[in-house]
Amino acid sequence: MHVLSLTSSLIFRFLFLISTFPISPAKPTASHPPALPRHRHRELSVDYYSKKCPQLESLVGSVTSQRFKEAPVSAPATIRLFFHDCFVEGCDGSILIETKKGGKKLAEREAVENKELREEGFESITKAKALVESHCPSRVSCSDILAIAARDFIHLAGGPYYQVKKGRWDGKISTATNVPPNIPRSNSTVDQLIKLFASKGLTVEDLVVLSGSHTIGFAHCKSFVDRLYDFKGTKRPDLNLNTRLLKELRMYCPSSGRSSRATLPLDATTPFAFDNGYYRGLGSNMGLLGSDQALFLDPRTKPIAVEMARDKQRFLKAFGDAMDKMGSIGVKRGRKHGEIRKDCRFFL
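If you're wondering where the values come from, they're calculated on a predicted model, not measured in any experiment.

Thresholds, definitions, all that
Residues numbered from 1 in each chain as written. Predicted model: local features only at pLDDT ≥ 70, side-chain atom pairs only at ≥ 80, totals over all residues. Heavy atoms only, no water. Disulfide = S-S within 2.5 Å. Helix = DSSP H or I, 4+ residues; strand = E, 2+ residues; numbered from the N terminus. Buried < 20%, exposed > 50% of the residue type's maximum accessible area, 1.4 Å probe, protein only. 1 Å grid on protein atoms, 1.4 Å probe; cavity = no way out; pocket = protein on both sides within 12 Å on 5 of 7 lines; lining within 4 Å. Points joined across faces, edges and corners; volume = space filled by probe spheres on them. Nonpolar A, V, L, I, M, F, W, Y, C, P; charged D, E, K, R; others polar. Contact = heavy atoms within 4.5 Å. Expected span 1.5 Å × (residues − 1). Axes fitted to C-alpha atoms, helices over the stretch in contact; angles between N-to-C directions. Parallel < 35°, antiparallel > 145°, perpendicular 65-115°, else oblique. Left-handed = near helix turned anticlockwise from the far one by under 90°. Phe/Tyr/Trp six-rings, centres within 6.5 Å; stacked < 30°, edge-to-face > 60°. Lys NZ or Arg CZ within 6 Å of the ring centre and 35° of its normal.

A.B. asks: Hey, could you go over the state of the cysteines for me, with residue numbers and the actual values?
C.D. replies: Taken as a whole and assessed by the stated rule, the structure comprises four disulfides. Put simply, C221 and C253 are joined by a disulfide, and their sulfur atoms are 2.0 Å apart. On the sign convention where negative is left-handed, the bridge of C221 and C253, at about -70 degrees about the S-S bond, is left-handed. Taken together, the positions of C221 in the loop between β2 (218-220) and α8 (225-229) and C253 in the loop between α9 (243-252) and β3 (263-265) put the pair 32 residues apart, joining distant regions of the chain. Owing to a relative accessible area of 0%, C221 belongs among the buried residues under this scheme. Looking at the chain, its bonded cysteines, counted consecutively from the start of the sequence, adopt the pairing 1-4, 2-3, 5-8, 6-7.

Listed below in C-alpha cells is the structure:
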C-alpha cells in the first residue's frame with residue numbers, strides 16, 4: 001500500500017489496540033536526572049544460564065510463540081514494557097512490581113506514564129516466569145526473562161534475532177515518582193530526546209534507531225490530538241503533518257480526543273510488520289507523533305532516519321545492536337543491589 005493511501009477502513013481496523021514505546025501523554029518534559037550508573041556488557045553474558053538453566057531460551061520461546069499466535073498485541077506490549085523498564089531504574093524488572101494493597105507508595109506501573117501499558121505484556125512475562133520456575137526454580141531473574149521475551153517478539157514480528165546477554169538481577173526499588181523524568185513524551189523536542197538518551201548512555205543514532213520500534217506501535221488520540229487542531233497554541237494543525245493523513249485522523253480523533261479510546265498505527269503502511277516502513281512514513285510527513293516527525297526535521301537526526309528508510313537490513317542490524325546496548329542500562333548484580341524474584345509482581 002502506498003504511504004499516502006491510508007484509508008478509513010484501514011484505520012478502523014486498528015481501533016482499541018495498543019500503543020508502544022516511547023509514548024506518554026504530551027506534557028512538558030521535566031529536567032532529567034544524572035545518568036544512572038551502568039554496568040557494561042562484560043558483566044553480562046550470552047551463556048550465563050548454560051549450567052543454571054540451559055533450556056531457558058526455549059522455555060521462554062515456547063510462551064512467546066504461543067502468545068504471538070493467540071494475542072498478537074502481546075508483541076508491541078512486551079517490547080514497550082522492556083523500554084519502560086530499562087529507562088527507569090535500569091533493566092531490572094522494576095516495571096513488573098505491583099503496588100502493595102493499601103500501600104501509599106505507588107510502584108512504577110502505577111505512574112500516569114505507564115497507565116496505558118497493556119496487560120498482554122505483563123501476562124506474557126508472568127506466564128514465561130511460571131514456566132521457567134517450574135524447571136529452574138529461583139535461578140532466573142524476571143529482568144532477564146523480560147529481555148529475552150522482548151527479543152522473541154521482535155523476531156516473531158519480522159525483526160532481527162540477536163543474542164541476549166544475561167545475568168541481570170531484579171531491582172529492589174519500584175517507585176512511580178521515578179517515572180516522569182525518564183520516559184520520552186509524544187511532544188518531546190529532539191533536544192530533550194537527545195539529552196534523555198544521553199543520560200542513559202545512548203547516542204543520537206541509538207535514539208533514531210530505537211524509535212524504529214514504532215514500526216509496530218500504536219498511539220491513543222490524546223498523544224497527538226494537539227497536532228490536529230491546536231499545534232503549539234496556534235489554533236491550527238501542525239504544518240508538518242501530511243494533509244491527507246490529517247483528514248483521516250480527524251475522523252477518529254475529535255478536538256476533544258483526549259478522552260477518545262481510539263488507537264491508531266504509528267506506521268500506517270505495515271503496522272504489524274517489524275520493518276523500516278516507519279522511517280519511510282516520516283519522509284512523507286506521516287509521523288503520527290510530533291516527537292517522531294521531529295526526527296526527520298532536525299539535521300542531527302534526519303540523515304540517520306533517511307539511511308534507515310533506504311536500507312531495511314541496515315535498520316534491522318542497527319536495531320539489534322541498539323537493543324543489546326539498551327539492555328545493559330543500570331544492570332543490577334548481586335544480593336546487595338538485587339534479588340532473583342520467584343513472582344515478578346512482588347519483591348522477595
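Having seen the model, we can carry on.
A.B. asks: With reference to specific residues and values, describe the layout of surface pockets.
C.D. replies: What the largest pocket holds in volume is close to 390 Å³. Elements with a minimum of two residues in the lining of the largest pocket: α8 and α11 (290-293). Per-class residue counts for the lining of the largest pocket are six nonpolar, eight polar and six charged. Roughly 240 Å³ of internal volume is contained in the second largest pocket. Lining the second largest pocket are 14 residues, with I97, E98, K100, S174 and F347 positioned closest to its centre. Its residues assigned to classes, the lining of the second largest pocket shows six nonpolar, three polar and five charged.

A.B. asks: Tell me about the environment of F68, and please be specific about residues and values.
C.D. replies: Structurally, the position occupied by F68 is in helix α2 (residues 56-70). The partly exposed category is assigned to F68, whose relative accessible area is 23%. Expressed as a C-alpha distance, the spacing of F68 and F153, which sit 85 residues apart in the sequence, is 7.3 Å. Those residues in contact with F68, other than ones at most four positions away along the chain, are A75, F153, L156 and A157.

A.B. asks: Outline helix α13 (residues 312-326), listing residues and values.
C.D. replies: Along an α-helix, residues three or four positions apart point the same way, because every turn accommodates 3.6 residues. Helix length check: α13, at 15 residues, gives a terminal C-alpha distance of 21 Å against a target of 21 Å (1.5 Å per residue), a fit within 8%. Those residues of α13 not exposed but buried are F315, L316, A318, F319, G320, A322, M323, D324 and M326. Tucked into the core, α13 has its buried residues touching α3 (74-87), α5 (142-156), α7 (204-210), α10 (277-283) and α12 (302-310).

A.B. asks: Tell me what's going on with the packing of α2 against α5, and back it up with residues and numbers.
C.D. replies: Running from amino to carboxyl end, α2 crosses α5 at an angle of 50 degrees, the nearest separation of the two axes being 9 Å. In terms of axis orientation, α2 runs oblique to α5. Here α2 runs over α5; the crossing is right-handed. Contact residues: α2 offers L56, E57, V60, G61, T64, S65, R67 and F68, while α5 offers I145, I148, A149, R151, D152, F153 and L156. Grouping the amino acids of the contact of α2 with α5 by side-chain chemistry returns eight nonpolar, three polar and four charged.

A.B. asks: For the packing of aromatic side chains, give the residues involved together with the corresponding values.
C.D. replies: Within the structure shown, the criterion is met by eight aromatic pairs. Measuring from ring centre to ring centre gives 5.1 Å for F87 and F197, while their planes differ by 65 degrees; the resulting arrangement is edge-to-face. Here F87 is found in helix α3, whereas its partner F197 is found in helix α6 (residues 190-199), with 110 residues between them in sequence. Summarising the burial analysis for this pair, F87 and F197 share the class buried. Residues F218 and F272 carry aromatic rings whose centres are separated by 5.5 Å and whose planes lie at 45 degrees to one another, so their mutual orientation is tilted. Placement of F218 in strand β2 and of F272 in the loop between β3 and α10 is noted, with a sequence separation of 54 residues between them. For F218, a relative accessible area of 0% translates into the label buried. Among the residues examined, F272 registers a relative accessible area of 46% and is labelled partly exposed. Put simply, the rings of F274, Y278, Y279, F315 and F319 pair up and form one aromatic cluster. One residue, R109, lies across the ring of F122, its end atom 3.8 Å from the ring centre.

Keep in mind these numbers describe shape, not what the thing actually does.
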